[in-house]
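# Overview (structure and organization)
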Amino acid sequence: MTEVRNDLVAKRYAAERRFRFYGATALALTALFLAILLTDTVIKGIPAFHETSVELDVKVDPAEVDPNNPVGGNYDKMIKEAFRAEFPAVEGRTNQRALTALLSSGGADALRGMVVADPSIIGKTVTVPVLLSADADMFLKGMLTSQTVAPGTAALHIARLDGEEGFVLTGDKTGEEAEKELGLAPRDVVRFKGGALRVTGVENGYLKAVPVLATDPAVTTVGPGQWDIVSFSVPESNRRINDNQALWLDELKQEGRIENSFSWRFFEAGDSREPELAGIRGALVGSLLTVLVAIALALPLGIAAAIYLEEFAPKNKWTDVIEVNINNLAAVPSIIFGLLGLAVFLNFFGLPRSAPLVGGLVLALLVLPTIIIASRAALKAVPPSITEAALGVGASKQQAVFQHVLPLALPGIMTGTILGLARAFGETAPLLMIGMVAFIADIPSGFTSAATVLPVQVFLWSDLPELAFRSKTAAAIIVLLVVLFALNAAAIYLRKRFERRW
Amino acid sequence: MFLWTVLLIVLMAAIAYWAGRARAAGLAATGGARLHSLPSYHGLFAAAGAMIGGLALAIAGALIVGAQSAFMPVAAVIGGAIGAAPLYSMSSPDFRARNSFERIVLVVLICCSAVAILTTIGIVFSVLFESVIFFRSVSPIEFLFGTHWSPTGTPPSFGLIPLLAGTLLITAIAIVVAGPLGLLSAIYMAEYATPRLRGALKPILEILAGIPTVVLGFFAALTVAPLIRGSGEAMGLSVASESALAAGLVMGMMIVPLISSLSDDIINAVPQSLRDGSYAMGATKSETIKKVVLPAALPGIVSAFMLAISRAVGETMIVVMAAGLAANLTANPLAAVTTITVQIATLLVGDQEFDSPKTLSAFALGFVLFFFTLILNYIALRIVQKYREQYD
């Protein structure tokens, strides 16, 4: 009798478990990648769906607005003046410019809208939300630096240095000991009623500081709890909001004047060079027009080709050529279709560049093989008994196909078409070739006006150096993915609802 | 004008349909004869005539006078009338309107399926035509075997080798990532997962497959590349900020669903009797998979890999966003390389001058890319046809 080698059996079972584990790991890694990708995008993109504005009381100056032409008024000036009036202590051109730089260049839009809607408010003082610049917006969202505020626990003595800009800070002790006692570190900002100072460090045995905001020289002693230590994780030179701007924004925030609202602008505006004003409306409309052209062309062509190949084509060389062709076209890189569009539609036929019409033509050719293959599968799934029954009662072959087979295959065809549509909606590369990659601020008005599409907008924004565009890009990606998921969900619903097993 | 033309053609067709149908119905009612075809087929036949005539004259008009001309809608109406009239007058009880109409439909269907061929011809000619002009100024030998690529340099040089090397490097990284992941996932899904687990896992791969490449490119450039750079520097390696590794890794993840879904289908197509035979000999499940199922599915899996390679070679957005523009001839995955698709995209975005070799070289690259992927796809198809085991 043969000896039972239990050790070998155990080894083989271990190999079995290992192999199974590899498979599970591969799937887990893929799932993990997808999870990281989606979470990363959502975390990056969510802030862009909110915008920050400040509530200002603005006097609509009759000298700046012509009641007969309220659109042309100098609202920018009014808003800047109103904003400066909020900070009377800010003096000097540099500081005032730093202050008004916190407002967006489109900050006056809301006021303009109000005056245009109701010119009777000219001469009155109104409260309007004024959009903040992208940098201010990002600072307030905590994306530029994290900021901690701690109350000062000891008494702070401030002495002005003669003949210099600086100040010396002392507690009960001086120098490094004062630094320890007061809980300060270089770069920290000391804020009190009457001014704000930034600690520069210990020099010649004294703890020195420079003013961040205009500082009242009369203040010499601040009691414990009367002052704050504001510290930023990112040094001033590495962020786009200076210490003084940060303190102004803080002040507005504490007064409750900062408003964080859902950014409808993101869905209503076209592209812009200013991150806070940029929206995806233009790209969305462009995408819609392009995909509309693509589907209007590809759907009838695809179904007709599928019907011919599946139901009528004789088995011969010609049909084989068409079939091999379609399979090959399905695997041709999409950028090649862009070259085709450039050489044929733009150069040969002279169609306009950047137009949704041309984009739609190119995408139609791109998704045509997908639709043909899906439609053929759907037609093939209809059992021949249906055709035979129709032929049996005297229908012609075409009557059988168009009146019986096609309606039964339609849900399958629609599923394939929606998936093709999703592919067209997410396609970027071929559209770069035909010039849909230009900066276009206007919302496209027709099939031949210059336009861009959502994926190309993502590409364009991702290329920009401003940090604020990064979150705009992620937000545009979220919109893109939501549309794609909706399309795919519709396809799955159709498949589940109308799928028939014969 | 375009819209009016289309509307008028449709209108003419509708009128022809009603007229044709009414005439046929009238023949049946007054003459008392039995019609060969239903009255609606007489109508459809006339409508087809109107449509063909209208379209033909409108297109001819557009070519002669120009597409924006007011002549187009007029041409549509005249053409419609000319096209419909003879067909309308053909109506008689014996006239085989259905057969005639069906013949027209068949021709239309054939034309539609010929669009696929036209597309291929269009692609071949568009890249070939511009490439020929390009090769008048740059010799094909220099293009194919040159080791230096700088189309904007003075003098410009067009050597394909660094681009090819970069493309293959990134593709190789992608396949190294996607091959094992895709194949093992497919094996797990096909052989181990319960139907319920399969139902839960399949959407993960489907979602990944549906994510546009521009999104993956953004992720590669802004998340993966800094991560690789950071961890590389922590280990004391110098990593380019646009490393081939980042682009290759993300491209690999993009291809996982492709390999997995193709392999899944192929593994499922291996007949159960082969597995049962193996189990009967005492083999474990993994031994059966490795020794029986995979060898049987091998041609299909090889063709899946070929398609994956062709997809990676032709992928544009991930590399445009995450790989560099510097045409380095290197095999170091941490260095920046550029690919054929990146160069096509950069050369053709922005100003295009169709008389400079710089712009035309993009078409020569497109030519190389098209034939490279075409050959891969063709081999993939042939392998399946030639080596597929016939089981039943």
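Owing to the predicted nature of the structure, the values given are computational and were not obtained by experimental measurement.

## Examining the overall build of chain A
- The secondary structure content of chain A amounts to 17 helices and 11 strands.
- For 502 residues, the compact-globule estimate of 2.2 N^0.38 gives 23 Å, and chain A exceeds it by more than 25% at 33 Å.
- Overall, chain A is about 110 × 100 × 40 Å in size when its C-alpha atoms are taken along their principal axes.
- Of all 502 residues assigned to chain A, the portion counted as buried reaches 50%.
- For chain A, long-range pairs separated by at least 24 residues make up 72% of all intrachain contacts whose partners lie at least 6 apart in sequence.

## Thoughts on the sheet that holds strand β11 (residues 258–262) of chain A
Residues and elements named next belong to chain A.
- Strand order in the open sheet formed by three strands is β2-β1-β11, and the pairing between neighbours is antiparallel. Of all strands in the sheet, those with a lone pairing partner are β2 (125–131) and β11, marking the two edges. With strand direction ignored, the average angle separating the axes of adjacent strands in the sheet is 35°.
- Across the sheet, helix α4 (residues 109–117) touches β1 (50–59) and β2, and the angle it forms with β2 is around 140°.

## Quick word on the side chain of Ser126 of chain B
- Along the chain, Ser126 of chain B turns up in helix α4 (residues 97–137).
- Relative accessible area serves as the criterion here: at 5%, Ser126 of chain B is assigned to the buried category.
- In this structure the side chain of Ser126 of chain B is engaged in a polar contact, spanning 3.1 Å, whose partner is the backbone oxygen of Ile123 of chain B.
- Excluding anything up to four places from it in sequence, Ser126 of chain B contacts Leu339, Leu340, Ala343 and Val344 of chain A together with Phe363 of chain B.

## So, the interface of chain A and chain B
- The interface of chain A with chain B comprises 74 residues on the first partner and 76 residues on the second.
- Between chain A and chain B the total buried area reaches about 6,600 Å² when both faces are included, carbon and sulfur atoms providing 77% of it.
- At the boundary of chain A with chain B, the tally comes to one salt bridge.
- Its salt-bridge partner being Arg12 of chain A, residue Glu287 of chain B comes within 2.8 Å of it at the nearest N-O pair.
- With 21 residues, the top contributor of residues to the side of chain A that touches chain B is helix α1 (residues 6–45) of chain A.
- Residue composition of the side of chain A that touches chain B, grouped by class: 53 nonpolar, 14 polar and seven charged.

## Some remarks on the pairing of strand β5 (residues 167–170) of chain A
Residues and elements named next belong to chain A.
- Neither face of β5 is open: one carries Phe167 and Leu169, the other Val168 and Thr170, and all of them are buried.
- In terms of strand pairing, strand β4 (residues 156–160) meets β5 through four bridges, oriented antiparallel. Pairing of Ile158 across the sheet is with Leu169, part of β5.
- As defined by bridge partners, β5 adjoins strand β8 (residues 206–213) across three bridges and the pair is classed as antiparallel. Pairing of Leu169 across the sheet is with Leu207, part of β8.

## Considering the domain arrangement of chain A
- The domain boundaries assigned to chain A delineate domain 1 (55–140), domain 2 (147–232) and domain 3 (277–498).
- For domain 2 of chain A and domain 3 of chain A, the distance between their C-alpha centres works out to 66 Å.

## Remarks on the nonpolar core
- Core analysis: the biggest nonpolar cluster contains 186 residues, and Phe337 of chain A together with Phe143, Met251, Ile255, Ile344 and Leu365 of chain B have the highest contact counts within it.
- At 16 residues, the largest contribution of residues to this core is made by helix α6 (residues 161–192) of chain B.
- Listed in part, the 45 residues of the second largest apolar core include Leu56, Ala82, Leu99 and Ala134 of chain A.

## Let's talk about the domain arrangement of chain B
- By the assigned domains, chain B splits into domain 1 (2–116) and domain 2 (149–387).
- Placing the centre of domain 1 of chain B and that of domain 2 of chain B at their C-alpha centroids yields a distance of 50 Å.

## A short note on unusual backbone geometry
Residues and elements named next belong to chain A.
- Even without a glycine there, the phi angle at Arg187 is positive, about 85°.
- Structurally, the position occupied by Arg187 is in the loop between α6 (175–182) and β6 (189–192).
- According to the relative accessible area criterion, Arg187 is partly exposed, its value standing at 42%.
- A positive phi is found at Ser354, a non-glycine position, where the angle reads about 60°.
- Considering the arrangement of structural elements, one finds Ser354 in the loop between α11 (334–348) and α12 (356–381).
- Note on Ser354: relative accessible area 9%, which makes it buried.

Cut-offs and rules
- Residues numbered from 1 in each chain as written.
- Chains lettered and ligands numbered in written order.
- Predicted model: local features only at pLDDT ≥ 70, side-chain atom pairs only at ≥ 80, totals over all residues.
- Heavy atoms only, no water.
- Helix = DSSP H or I, 4+ residues; strand = E, 2+ residues; numbered from the N terminus.
- Rg over C-alpha atoms; globule rule 2.2 N^0.38 Å.
- Buried < 20%, exposed > 50% of the residue type's maximum accessible area, 1.4 Å probe, protein only.
- Contact = heavy atoms within 4.5 Å.
- Pairing = 2+ DSSP bridges.
- Axes fitted to C-alpha atoms, helices over the stretch in contact; angles between N-to-C directions.
- Polar contact = N/O pair within 3.5 Å; in protein donor to acceptor, adjacent residues only side chain to side chain.
- Buried area = accessible area lost by both parts, 1.4 Å probe.
- Salt bridge = Lys/Arg side-chain N within 4 Å of Asp/Glu carboxyl O.
- Nonpolar A, V, L, I, M, F, W, Y, C, P; charged D, E, K, R; others polar.
- Domains from an automatic or database assignment.
- Core = buried A, V, L, I, M, F, W, Y, C linked by side-chain atoms within 4.5 Å.

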